[in-house]
Amino acid sequence: MTEETRFVYDATKAVDPLGDLEEEAEKQTKHNRAKVGSARPSSLLYTYGPGSIMDLPQFTVMPTGLDDWDRIWQRRDSLPPTIHAPRLRDVVRDMLRSPDVQLRPHPWQPKKNSRSAEGNDLGVPARVFPQWLRCTGCDMLGMLSQFDYKNTHPFRTDLATFEHAKCTGRSGNRTRKPMRRPAVPARYLLACVDGHLDEFPYELWVHHGQPCSKAEVPPLKMVDRTAGKGASAVIECAACDMQRPMNEAQSEGGKDKLPLCRGRHPHLDAFEPRGCSNQTKLMLVGASNLWFPATHSIIVMPESQQEKASDLADRIRTTLGDKLHKYRQHLDMIRDLLDGRVDVTGLPDHELEAAVEAACAPPATPEEQEERMRDWDPVDLLVPEWRYLLLDILGKRVEDPKSGLTLATRQRGEHLQPEITRVLAVEKLRKVNALVGFTRIDDMDRVGDLPRRLAPLTRTPRPTWTVATEDRGEGIFLQLDEDSVAAWEKHILDTKLWEAHRQAHHRNFERRFSETAGKVDPDSRLKPPRYWLVHTFAHVLIREFALTCGYSAASLSERLYAWPAAEGREPAAGLLICTTASDSDGTLGGLVQLSEPTRLQRVVASALRKARRCSSDPICSMRTPQTPEDFLHGAACHCCVMASETSCERANRFLDRRFLIDLPGSNLGYFSTHE
């Protein structure tokens, strides 16, 4: 059964998502069913999370903040489920500045069949947004309350719609009698760089910031015009006959005609307490830069003894709360309080005592948290994975039941490129992804130096949980020879090509990064040559794997381990190509089969051979950024290297085939020596 998470909403109380179900039960009526759509967990994390706008067949909804999700969980007597990933959880806590954050899945329960009732009390709460609608029959532009909501079919959520009950048609084409016509969302919004979003003030716009001279609540229309240089909407006031086109707000000087931001967070049903005076930007409902998720993910690895002890102390602390300090000297009482909640039955007294003492340790101060986040590098999440993947495996296969990780050794094929020193078949893996916030207008990696631009998920400043997903799947791990990579990287750093990429990155950083770009050294954000190498190699492998493994290229993703030596961190040069799914117990094994020696060497050789040619050559093979260009790739395009956004972790940046193999006019390829 495909796992889907429901969106629910109340037509009269937009942020009370299950209120209509409760009212129906009291009134014994069956006219307004709450379910309006569904989505997969991955899309609810990466595309339609809290604060985003999701298109349904007849209107659009916005998933609300996590405060409102608590009402969903409270409908159950049991505690909400949690996802066990201590390494990721600790990072999320630091980013959210809250010591008690837990990772929870979306409110969902599988059904025995499509008509069964399991999980009907669960769902993702959402509100209709934008709440300005336009009648498709007469172009009337009005608020949500001016339209009737209809959602009567229990198994046809696509029929849920808003209707104009007394539509008389357009001028010059009026119907003989009023009839019901569907309404669609008005498509304009206002957003600011700090993550705020607001309705477009149509009434003030058409009257140039003044009230209507003929009516207190003037009737408005949104008329689409197709004459001239393309389609444009015109806002008209039926009371005073004033009208104003929307393309005024879309022009170069249009931003000066828009109001300042009010600091609104519609997903929280709240405004910024300190207000906001940013200049607003006109946005369309379906704009791709309306919502960018800020997420972190890990491949769950077996925990070390230190990690296990730290996790036990944390679970004791969060479970006992205030009772911890009261009974810290009474281990028998501690065991009774933890019974059924935290398993300490086989734990010796001295280990339990040590865990209790660790749980009683004072939390980090806000200053310590800020310092820790300033020094934190996302690579820190990858280091434990890299170290574990390099460990020797006793036998041919190792399985860890708790983490779900299953690794199998693979012999190197006789003709496999000697630069590839280690091959592992990752037969089973578990990937956990967590949401920590979102941004608007700019992606998170562009605003990472400005915490205030990360929009919150809750009204409370210290959330107790955030939403996460678990994906299970399989993959292939390849390690490159560190000595040869280091020697190659040293050579690349002195080339004109690398200097051209470096200068392009400087220009890109200064033009498109956040307002703190002047305080940050752009070179500190430029990925090293080994990253370009590993990244490009991963992309050509994904393309070749997709031809033979049974999965589409969009369902394969990369996880790159590529960084030079640093304090407390050994160098890395390797990659994991994996496929995962959130709605099943795993995948089918087609990717793992390609790790067999004869198949892998054939696939790698074919991938490198195809990378030599591109249908856009010689333009692609010779592409080098020159002033004033600021693109972050070289000999790479959608015909030869670039992948879908679901596959690439860097939005197709930091790619160049010339670092992988020799191209005409270039002899910088890492794999060219032994081809």
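Starting from 1, residues in each chain are numbered consecutively following that chain's sequence as written. Only residues with pLDDT of at least 70 are given local features in this predicted model, and only at 80 or more are side-chain atom pairs given and counted; all residues enter the totals for whole chains, interfaces and linings. Calculated side-chain values reflect all of the structure's heavy atoms, with hydrogen atoms and water omitted.

Draft legend 1. The overall build of the protein, seen in detail. Numbering of helices and strands runs from the N terminus, with a helix taken as a DSSP run of H or I at least four residues long and a strand as a DSSP run of E at least two residues long. On a plain count of helices and strands, the protein comes out with 17 helices and 26 strands. Radius of gyration (C-alpha) of the protein: 28 Å, near the 26 Å computed for a compact globule of 675 residues. On the principal axes, the C-alpha backbone points of the protein span a range of 80 × 75 × 50 Å. Burial classification: accessible surface area is computed with a 1.4 Å probe over protein chains only, and a residue below 20% of its type maximum counts as buried, one above 50% as exposed, and the rest as partly exposed. For the protein, the proportion of its 675 residues judged to be buried stands at 51%. In this analysis, two residues are considered to be in contact whenever any of their non-hydrogen atoms come within 4.5 Å of each other. When contacts within the protein are restricted to residue pairs at least 6 apart in sequence, long-range pairs at least 24 apart make up 69% of them. Using a 1.4 Å probe, the Shrake-Rupley method yields the accessible areas, and only the shown protein chains count as cover for residues. Only carbon and sulfur atoms are counted for the fraction: they give 50% of the accessible area of the protein, which is about 32,500 Å². In this description the radius of gyration comes from C-alpha coordinates, and the expected globular size is given by 2.2 Å times residues to the power 0.38.

Draft legend 2. Fine view of helix 10 (residues 349-359). Buried within helix 10 are the following residues: Leu 352, Ala 355, Val 356 and Ala 359. Angularly, the buried residues of helix 10 cover 100° about the axis, an arc narrow enough to put them on a single face. In the core, the buried residues of helix 10 are packed alongside helix 7 (305-320), helix 8 (323-326) and helix 9 (331-338). By definition, the arc is the one covered by directions from the helix axis to the C-beta atoms.

Draft legend 3. Quick peek at the packing of helix 7 against helix 10. Packing of helix 7 against helix 10 leaves a shortest axis separation of 8 Å and a crossing angle of 65°. Crossing hand, helix 7 versus helix 10: right-handed. Seen from helix 7, the contacting residues are Leu 312, Ala 313, Ile 316 and Arg 317; seen from helix 10, they are Leu 352, Ala 355, Ala 358 and Ala 359. The residue classification treats Ala, Val, Leu, Ile, Met, Phe, Trp, Tyr, Cys and Pro as nonpolar and Asp, Glu, Lys and Arg as charged. All others, Gly included, are polar. Of the residues belonging to the contact of helix 7 with helix 10, the class tally is seven nonpolar, no polar and one charged. Geometry is summarised by axes, namely lines fitted to C-alpha atoms with helices restricted to the contacting stretch, and by angles between N-to-C directions that run from 0 to 180 degrees. Definitions for this section: a left-handed crossing has its near helix turned counterclockwise from the far helix by less than a right angle. A right-handed crossing has that turn clockwise.

Draft legend 4. Fine view of the pattern of salt bridges. Throughout this description, the term salt bridge denotes a Lys or Arg side-chain nitrogen within 4 Å of a carboxyl oxygen of Asp or Glu. Under the definition given, this model contains 43 salt bridges. Here Lys 610 ties to Glu 544 by a salt bridge, and the two come within 3.1 Å at their closest N and O atoms. In this pair, Lys 610 sits in helix 17 (residues 597-610) while Glu 544 sits in helix 15 (residues 529-548), placing the two residues 66 residues apart along the sequence. Taking the relative accessible area as the measure of exposure, Lys 610 reaches 41% and is therefore partly exposed. On the basis of relative accessibility, which here comes to 9%, the residue Glu 544 falls in the buried class. Where salt bridges share partners, they join Arg 89, Asp 90, Arg 93, Asp 100, Asp 311, Asp 314, Arg 315 and Arg 317 into one cluster.

Draft legend 5. Main features of the sheet that holds strand 19 (residues 281-284). Only strands that DSSP links by at least two bridges are regarded as paired with each other. Across the sheet, which stays open at both edges, the three strands sit in the order 13-12-19 with antiparallel pairing between neighbours. On the outer flanks of this sheet lie strand 13 (197-199) and strand 19, each paired with one strand and no other. Each strand axis lies, on average, 40° off the axis of its neighbour in the sheet, ignoring direction. With four bridges connecting them, strand 12 (residues 188-191) and strand 19 associate as antiparallel partners. Directly across from Tyr 188, in strand 19, lies its bridge partner Leu 284.

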